[in-house]
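# Residue-level structure breakdown
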Amino acid sequence: MLLVRRFEEKCAELYTQEKIRGFLHLYIGEEAVGVGSVRALAPGDPIVATYREHGQALVRGVPPGEVMAEMYGMQEGCARGRGGSMHLFHAATRFYGGNAIVGGGLPIAVGLALAARMKGEDQVTACYFGDGAVAEGEFHESMNLAALWNLPVLFCCENNLYAMGTAIAISHAETDIALRATAYGMPAWAVDGMDVLAVEEATRKAVESIRGGGGPHFLEFRTYRFRPHSMFDPELYRSREEVQQWKERDPIPRFFERLKGAGMLDEKGLAGVEKEVAATVAEAVAFAEAGTLEPVSELTRFVHSEEVGA
Amino acid sequence: MKTTYREAIRQAIREAILKDDRVFLMGEDVGHYGGCYAVSKGLLEEFGPERIRDTPLSESGFTGAGIGAALGGMRPIVEIMSVNFSLLALDQIVNNAATLLHMSGGAFNVPLVIRMATGGGRQVAAQHSRSLEGWYAHIPGLRILAPATLEDARGMLGPALADPDPVLIFEHVLLYNMEGELAEDAGPVPIDGAAIRREGSDVSLITYGGSLQKAMDAAIRLEEDGVSVEVIDLRVLRPLDDRTILESVARTRRAVIIDEGWRSGSLSAEISARIMEGAFYELDAPVARVCGAEVPTPYARHLEEAALPQVADIVAAVGALLSGGTEGGGN
């Protein structure tokens with residue numbers, strides 16, 4: 001969690017320095033969701049994420065340097081600089097993006113799960129999306145397909161209460177998202193998304209059930225982003241007080257207190273972790289800074305595959 | 001052997017499923033109903049519901065599931081009942097299928113085939129009669145095929161499935177019943193270029209899909225008047241086979257493009273522009289076009305006929321070119 005937090009704080013800084021451009025959506029505040037859930041998956045389980053996916057990518061094992069280089073637009077980036085912050089991809093860790101169309105990743109996750117089923121493999125596909133996606137037709141089509149075909153998909157709704165700047169109460173007739181998922185006949189639970197252990201436990205339970213043939217499951221992680229939607233957002237739609245209240249539930253200090261209480265980590269230990277994380281972030285930045293630009297002559301590469309029959 | 005376009009496609013699907021465990025067909029009414037146009041009739045009985053997979057009416061959902069399954073190592077054939085309904089899957093086709101390879105820097109390719117019916121002429125009104133393949137031909141990352149013959153109906157699917165990237169196959173609704181002779185051993189055909197279906201020296205008719213036969217009929221009529229007509233079947237709408245088009249036009253010095261799609265911002269406009277760019281000084285006359293009238297296709301037979309390119313329109317366009325006038329303009 002600390003790595004994701006510090007990595008993204010660095011991203012924000014680099015954005016103001018114009019090292020990172022385009023849209024940058026930070027996960028700060030929501031880290032417990034990505035960290036707890038991705039850690040409960042098996043290494044070969046495919047992940048489909050949204051444009052706010054730095055957390056999932058880092059926890060899954062996409063090298064931090066490649067993530068940073070991607071945001072720098074360098075060819076050493078995990079998508080050769082063609083995707084940027086919103087479109088991190090990594091074949092080796094089965095990280096399928098980084099989708100910037102709200103709801104657009106859900107059908108893909110259903111298809112990945114269908115492939116696993118048809119091939120007789122036992123992977124569970126984890127699909128991340130926000131509360132905004134629940135209003136999309138693709139959400140409902142995907143829920144129905146997954147349930148109808150009993151596919152191994154874990155739907156992870158990161159409910160941070162806002163679809164960009166539109167509060168859930170003014171965009172959904174029924175704001176209990178987990179309840180809506182039950183209409184498709186799949187087990188669905190609401191989970192405290194500010195508690196990494198609760199997230200991890202719920203995910204583990206769901207994944208185990210799915211891998212055992214239990215069909216799709218749905219987890220609604222109730223969480224909050226502390227930062228604006230993107231770097232362009234003046235945050236006219238919510239109060240400072242509201243943000244402050246949620247910050248008091250910051251998953252990182254909360255988890256530290258738990259660890260401390262259990263005698264597993266103290267301030268000194270935390271400082272050690274901070275140091276380690278700072279080194280990783282510094283290395284990632286150095287990797288990106290040392291990156292190279294793909295020659296413009298390669299602009300049209302990868303419109304079609306280079307090896308026919310691949 | 002005698003066969004139909006429909007049967008040729010069915011045999012192509014059968015062969016693909018028999019040859020490769022990764023191939024399956026998915027779409028609305030492909031199983032129990034036997035396919036909206038009866039293309040997949042009998043396949044559910046032969047291959048079972050896993051590989052002939054009926055879907056709910058969720059074009060975006062099952063098209064996206066096809067993309068996901070392709071990413072996951074399968075070789076899906078997604079059937080969208082008609083191009084009209086494919087508009088509900090545009091997000092998946094354009095934002096994902098066509099885009100993922102490039103946007104991921106080559107990390108993920110999408111070996112997906114999407115088949116769909118296209119075109120008008122059956123009096124089923126505007127929402128069932130569109131020819132939007134030209135729209136899809138606008139999108140980098142897609143290969144767009146339009147089989148107009150039995151050989152292509154039989155032979156394009158295999159190579160499309162072998163393509164590591166998404167391929168869309170547009171089957172004109174009026175072709176499904178087309179009957180003819182097809183060699184017993186008909187097999188794969190190349191999916192990278194146009195074909196000259198008839199050689200001639202006075203004018204090149206450039207067309208594809210459901211308009212090919214109309215162009216061939218027009219050529220026969222024109223021949224009676226002493227006009228030697230070349231007919232190009234584009235076959236592949238993206239990438240366009242510039243070379244075949246330009247070489248033909250350089251020989252005949254005149255070109256008429258026939259397309260059911262509307263002319264504004266269209267495939268026919270693109271071809272015309274390429275001829276201007278690549279063969280301007282070879283031309284004896286401006287490029288002419290015979291396109292769908294710029295109206296939503298109407299139901300009434302006489303109106304629908306007036307809205308779609310007809311043999312007489314093609315003959316008239318060629319006549320105008322040869323006499324120095326043009327049929328162009330309008331709309």
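Quick notes on the rules
Residues numbered from 1 in each chain as written. Chains lettered and ligands numbered in written order. Predicted model: local features only at pLDDT ≥ 70, side-chain atom pairs only at ≥ 80, totals over all residues. Helix = DSSP H or I, 4+ residues; strand = E, 2+ residues; numbered from the N terminus. Rg over C-alpha atoms; globule rule 2.2 N^0.38 Å. Buried ≥ 20, exposed ≤ 12 C-beta atoms within 10 Å, placed from the backbone. Contact = placed C-beta atoms within 7 Å. Pairing = 2+ DSSP bridges. Axes fitted to C-alpha atoms, helices over the stretch in contact; angles between N-to-C directions. Expected span 1.5 Å × (residues − 1). Domains from an automatic or database assignment. Nonpolar A, V, L, I, M, F, W, Y, C, P; charged D, E, K, R; others polar. pLDDT = per-residue confidence, 0-100. Core = buried A, V, L, I, M, F, W, Y, C linked by C-beta atoms within 7 Å. Parallel < 35°, antiparallel > 145°, perpendicular 65-115°, else oblique.

### Focus on the overall build of chain A
Check the secondary structure of chain A and you find 11 helices and 8 strands. A globule of 310 residues ought to have a C-alpha radius of gyration of about 19 Å, and chain A, at 19 Å, matches this closely. Expressed as a percentage of the 310 residues in chain A, the buried residues total 51%. Counting contacts in chain A only where the partners sit at least 6 residues apart, residues at least 24 apart contribute 73% of the total.

### Quick word on the overall build of chain B
Scanning chain B from terminus to terminus reveals 13 helices and 14 strands. Against the globule reference of 20 Å for 331 residues, chain B gives a C-alpha radius of gyration of 20 Å, in line with a compact fold. Expressed along its principal axes, the backbone C-alpha trace of chain B runs to roughly 60 × 45 × 40 Å. For chain B, the proportion of its 331 residues judged to be buried stands at 58%. The contacts of chain B with a sequence gap of at least 6 include a subset with a gap of at least 24, amounting to 78%.

### Things to note about the sheet that holds strand β14 (residues 288-292) of chain B
Residues and elements named next belong to chain B. A sheet is described by the order of its strands in space; here 5 strands give the open sequence β9-β11-β10-β13-β14, paired in mixed fashion. A single partner strand is all that each edge strand has here, and the edge strands are β9 (195-198) and β14. Taking each pair of neighbouring strands and ignoring which way they run, the sheet shows an average axis angle of 25 degrees. In this sheet, strand β11 (residues 229-233) lies alongside β9 in antiparallel orientation, the contact comprising 3 bridges. Bridge assignment links Ile 196 to a residue of β11, and that residue is Ile 232. Packed on one face of the sheet, helix α9 (residues 212-224) meets β9, β10 (203-207), β11 and β13 (255-262) and runs near 175 degrees to β11.

### Comments concerning the environment of B:Leu267
Residue and element names in this part refer to chain B. As for its position among the elements, Leu 267 is in helix α11 (residues 267-279). Separated by 29 residues in the primary sequence, Leu 267 and Arg 238 have C-alpha atoms spaced 9.7 Å apart. Apart from residues lying up to four places away in sequence, Leu 267 is in contact with Gly 134, Ala 137, Leu 237, Asp 259 and Gly 261.

### Points about helix α3 (residues 59-71) of chain B
Residue and element names in this part refer to chain B. For α3, which comprises 13 residues, the first-to-last C-alpha distance of 18 Å matches the rise-based estimate of 18 Å (1.5 Å per residue) to within 8%. Counting buried positions over the 13 residues of α3 gives 13, a clear majority of the element. Among the residues trailing α3, Gly 73 stands out with phi positive, at a value near 105 degrees.

### A look at the interface of chain A and chain B
Listed per partner, the contact involves 38 residues of chain A and 35 residues of chain B. Looking at the side of chain A that touches chain B, the elements that each hand over two or more residues are β2 (95-99), α5 (105-118) and α6 (137-148) of chain A. Tallying contributions element by element places α5(A) first for the side of chain A that touches chain B, with 10 residues.

### A short note on the domain arrangement of chain B
Residues and elements named next belong to chain B. Segmentation of chain B into domains returns domain 1 (2-181) and domain 2 (195-322). Spacing between the C-alpha centres of domain 1 and domain 2 amounts to 26 Å. In this complex, domain 1 contributes 22 residues to the contact, which on the side of domain 2 involves 22 residues. The greatest single-element share of the side of domain 1 that touches domain 2, amounting to 3 residues, is contributed by strand β6 (residues 143-145). Here the side of domain 1 that touches domain 2 is composed, by residue class, of 11 nonpolar, 8 polar and 3 charged.

### Some points on the confidence of the model for chain B
Low pLDDT means the predicted coordinates in that region are not meant to be read closely. Summing up the model confidence of chain B, the mean pLDDT is 96 and the portion of residues at 70 or higher is 98%. With pTM at 0.96, the complex prediction returns an ipTM value of 0.95.

### Here's the deal with the pairing of strand β5 (residues 113-118) of chain B
Residues and elements named next belong to chain B. Across the 6 residues that make up β5, a large majority, 6, are buried. Here β5 shows no split at all, with Val 113, Arg 115 and Ala 117 on one side and Ile 114, Met 116 and Thr 118 on the other all buried. As paired strands, strand β4 (residues 75-82) and β5 are joined by 5 bridges and run parallel to one another. Along β5, the bridge assignment pairs Ser 82 with Ala 117. Alignment of β5 against strand β7 (residues 167-172), held across 6 bridges, turns out to be parallel. Within β7, the residue paired with Ile 114 across the bridge is Leu 168.

### A look at the nonpolar core
Counting 193 residues, the largest nonpolar core has A:Val110, A:Cys127, A:Leu154, B:Leu145, B:Leu205, B:Val256 and B:Ile314 as its most contacted members. Ranked by the residues each element gives to this core, the list is headed by α5(A), at 9 residues. Two domains each put at least three residues into this core: domain 1 (2-181) and domain 2 (195-322) of chain B. Not counting residues within four places of it along the chain, the set of residues in contact with B:Val256 comprises B:Val203, B:Leu205, B:Ala288, B:Val290, B:Ile314, B:Ala317, B:Val318 and B:Leu321.

### Quick word on the sheet that holds strand β8 (residues 217-222) of chain A
All names here are of chain A. Read from one edge to the other, the open sheet built from 6 strands follows the order β2-β1-β3-β4-β8-β7, with strand pairing classed as parallel. Bordering the open sheet on either side are β2 and β7 (188-192), each of which pairs with just one other strand. Going across the sheet, the axis of each strand differs from the next one's by a mean of 20 degrees, ignoring polarity. Bridge count for strand β3 (residues 125-130) against strand β4 (residues 153-159) is 6 bridges, and the pairing is parallel. Bridge assignment links Thr 125 to a residue of β4, and that residue is Val 153.

### Side note on the packing of α3(B) against helix α4 (residues 90-97) of chain B
All names here are of chain B. Running from amino to carboxyl end, α3 crosses α4 at an angle of 25 degrees, the nearest separation of the two axes being 8 Å. It follows from the interaxial angle that α3 and α4 lie roughly parallel. When α3 is examined against α4, the residues Ser 60, Thr 63, Gly 64 and Ile 67 are found in contact with a partner set consisting of Asp 91, Gln 92, Ile 93, Asn 96 and Ala 97. Here the contact of α3 with α4 is built from residues that sort into 3 nonpolar, 5 polar and 1 charged.

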